[in-house]
Amino acid sequence: MIDLRSDTVTKPTQEMRLAMFEAEVGDDVYGEDPTVNKLEEIAAHVLGKEAALFVTSGTQGNQLAVLAQTSPGDEIIMERDSHLFYYEGGAASALAGVQMRTIKGIGGAFSLDSLKRAIRSDDIHFPDTSLICLENTHNRAGGRAIPYQQMRSVYETASSFEVKVHLDGARLFNAAAALGCSAEDLASCSDTVSLCLSKGLGAPAGSVLAGSAETIKKARKWRKRLGGGMRQTGILAAPGIIAITKMAERLTEDHIHAKMLAEGIREIHGLSVVNEVDTNIVLVDVSALNQTNGHILEALKKEGILAVAFGEDVIRFTTHYDVSESDIQQTLQKINNILKIQRA
Ligand SMILES: *Cc1c(COP(=O)(O)O)cnc(C)c1O
């Protein structure tokens, strides 16, 4: 199987498995797991923040950022298609008691004007705007890398209104690789930043949330309240350290593969690539084929290729380190074959 459903399907490398086996561990709820402490130190350093926290998932990282930086009844602002709004089960409302206000963006980025209009003024009728959430790369925009300057201007605007910024950096290293800057540069445009260790970076589980020591202290308490205080988690932090320190460098390879796939797909009659392929995601519009998404995905599966539906007419392909250049060539060949057979 060539599994292009997501970069979350990556399995831990041999080196990661060995590191798990050998990890020094302790009770992390007592702050005594040396491997977790090391991961948190490295993550804080790489992201240019005072402190970091190892969390169960990207969703937990985002939600802890909301919980630690807002009060019930506040309003938080984000792009309309952001993960935090779209894919987290309404958690910000359910857990933090905040309301989410969305702004329509282009390629995952909203304009400064629309942001300024959305930030509430001081009025007894209005909720308080306490947090702006950015996402880089932007998943539903097809892995778009939001330029540094755009993020910087959002951060400056937010700061001028004394509003905090959280960066959902599930794929922050993909953004950094695509933009030719560092993860720290991008994270410097935020107060808190979350980073997934288990996507393209290949760790089996976990994310990190980084920010000021004070905010991370609050987040740590919220993590415990939510039942996320685990014990000898050095076993999971050990591959996370490898993810951050060694796996980020190779993401460009995934981006090259995604571009190859996109180029090949553009040449196939009836298919069109609808996103700018900045990173490792290719969104393909199949509406011209007059078949349901499910039907096409089934045909692909029979040929040994897995992808996912992304809305009604779009199929998403995601490259990652278990996908080689020859897998991309094979994928293109098989897509071609399927369509030829269907036309014949
Ligand atoms: C994957 C992802 C997350 C986190 O997802 P989990 O499944 O909770 O780890 C958050 N934000 C974005 C943009 C993502 O792509």
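Residues numbered from 1 in each chain as written. Predicted model: local features only at pLDDT ≥ 70, side-chain atom pairs only at ≥ 80, totals over all residues. Heavy atoms only, no water.

A closer look at a nonpolar patch on the surface
To keep things clear, this is the line we draw: Exposure above 30% relative accessible area and the absence of a salt bridge qualify a residue for a patch, where like charges join within 9 Å and nonpolar side chains (Val, Leu, Ile, Met, Phe, Trp, Tyr) within 5 Å. Only the protein chains shown count as cover for residues, and the accessible areas themselves come from Shrake-Rupley with a 1.4 Å probe. Any Lys or Arg side-chain nitrogen located within 4 Å of an Asp or Glu carboxyl oxygen qualifies as a salt bridge. For the purposes of this entry, the term helix denotes a DSSP run of H or I that reaches at least four residues, the term strand denotes a run of E that reaches at least two, and both are numbered from the N terminus. Categorising residues by exposure relies on relative accessible area from a 1.4 Å probe, with only protein chains included: less than 20% of the type maximum marks a residue as buried, more than 50% marks it as exposed, and the intermediate range marks it as partly exposed.
Taken together, Phe 85, Tyr 86 and Tyr 87 make up a surface patch of nonpolar side chains, about 280 Å² in accessible area. For Tyr 87, the location among the structural elements is in the loop between helix H4 (83-86) and helix H5 (91-96). Residue class for Tyr 87 comes out partly exposed when judged on its relative accessible area of 34%.

A short note on the packing of helix H3 (residues 58-69) against helix H10 (residues 213-225)
Filter applied, for reference: Axis definition: a line fit to C-alpha positions, over the contact stretch in the case of helices; interaxial angles, taken between N-to-C directions, run 0 to 180 degrees. A clockwise turn of the near helix away from the far one marks a right-handed crossing, whereas an anticlockwise turn of less than a right angle marks a left-handed crossing. Here, two residues are considered to be in contact whenever any of their heavy atoms come within 4.5 Å of each other. All amino acids are sorted into three groups, where Ala, Val, Leu, Ile, Met, Phe, Trp, Tyr, Cys and Pro are nonpolar, Asp, Glu, Lys and Arg are charged, and the leftover types, Gly among them, are polar.
Where H3 meets H10, the closest approach of the two axes is 9 Å, and the angle between their N-to-C directions is 115 degrees. The element H3 and its partner H10 pack so that their crossing is right-handed. Together, Gln 60, Leu 64, Leu 67, Ala 68 and Gln 69 of H3 and Thr 215, Lys 218, Ala 219, Trp 222 and Arg 223 of H10 make up the contact between the two elements. Here the residues of the contact of H3 with H10 sort into five nonpolar, three polar and two charged.

Some details on the packing of helix H8 (residues 172-179) against helix H12 (residues 251-266)
For clarity, the cut-off: An angle below 35 degrees is treated as roughly parallel, one above 145 as roughly antiparallel, one from 65 to 115 as roughly perpendicular, and anything else as oblique.
Close contact between H8 and H12 brings their axes to 9 Å; oriented N to C, the two are set at 75 degrees. If you check the angle between H8 and H12, you find them roughly perpendicular. Only Leu 251, Thr 252 and His 255 of H12 make contact with H8, whose side of the interface consists of Phe 173, Asn 174, Ala 177 and Ala 178. When its residues are assigned to classes, the contact of H8 with H12 shows four nonpolar, three polar and no charged.

Notes on the site of the ligand
Definition in use: Summary of the distance rule: residues count as near a molecule or strand when at least one heavy atom falls within 4 Å of that molecule or strand. We call two N or O atoms a polar contact when they sit within 3.5 Å, provided that within protein one can donate a hydrogen and the other can accept it, with sequence-adjacent residues counted only if both atoms are side-chain atoms.
In the region of the ligand, the neighbouring residues are Ser 57, Gly 58, Thr 59, Asn 62, His 83, Glu 135, Asn 139, Asp 168, Ala 170, Arg 171, Cys 196 and Lys 199. Contact distances for the ligand include 3.0 Å between an oxygen atom and a side-chain N or O atom of Arg 171. Contact with the protein chains hides 81% of the accessible area of the ligand, taken as 380 Å² for the molecule alone.

What about the domain arrangement of the protein?
For clarity, the cut-off: Reported domain spans reflect what an automatic or database domain assignment gives. Defined in terms of a 1.4 Å probe, buried area is the accessible area two parts forfeit on being brought together, summed over both.
When the domains of the protein are assigned, the result is domain 1 (10-247) and domain 2 (250-343). Computed from C-alpha coordinates alone, the two centres of domain 1 and domain 2 are separated by 29 Å. Contacts between the two partners involve 22 residues from domain 1 and, on the opposite side, 16 residues from domain 2. Around 1,600 Å² of area is buried between domain 1 and domain 2 when both sides are counted, 55% of it from carbon and sulfur atoms. Summed over the shared surface of domain 1 and domain 2, the result is one salt bridge. One can count nine residue pairs in polar contact (both at pLDDT 80 or more) joining domain 1 with domain 2. Tallying contributions element by element places H8 first for the side of domain 1 that touches domain 2, with four residues.

Remarks on the sheet that holds strand E13 (residues 314-318)
Applied cut-off: Any two strands with at least two DSSP-identified bridges between them are counted as paired.
Across the sheet, which stays open at both edges, the four strands sit in the order E9-E10-E13-E12 with antiparallel pairing between neighbours. Each edge of the sheet is formed by a strand with only one pairing partner; in this case those strands are strand E9 (272-273) and strand E12 (308-309). As paired strands, strand E10 (residues 281-285) and E13 are joined by five bridges and run antiparallel to one another. Across the sheet, Leu 283 pairs through a bridge with Arg 316, a residue of E13. The strands touched by H12 are E9, E10 and E13; relative to E10, the strand with the most contacts, the crossing angle is about 15 degrees. The sheet contacts of helix H13 (residues 293-302) involve E12 and E13, and relative to E13 the element is tilted by about 35 degrees.

Here's the deal with the nonpolar core
Using the following cut-off: The definition of a nonpolar core used throughout is a set of buried Ala, Val, Leu, Ile, Met, Phe, Trp, Tyr and Cys residues joined through side-chain atoms within 4.5 Å.
In terms of nonpolar packing, the biggest core is built from 50 residues, with Leu 47, Ile 132, Leu 172 and Leu 197 touching the most fellow members. In terms of residues, this core owes the most to one element, helix H11 (residues 234-247), which gives six residues. Contacts of Leu 172, omitting those with residues within four sequence positions, involve Leu 47, Asn 136, Leu 167, Ala 183, Leu 186, Ala 187, Val 193 and Leu 195. Grouped together as the second largest cluster of nonpolar side chains are 28 residues, Ile 2, Phe 317, Leu 332 and Leu 339 included.

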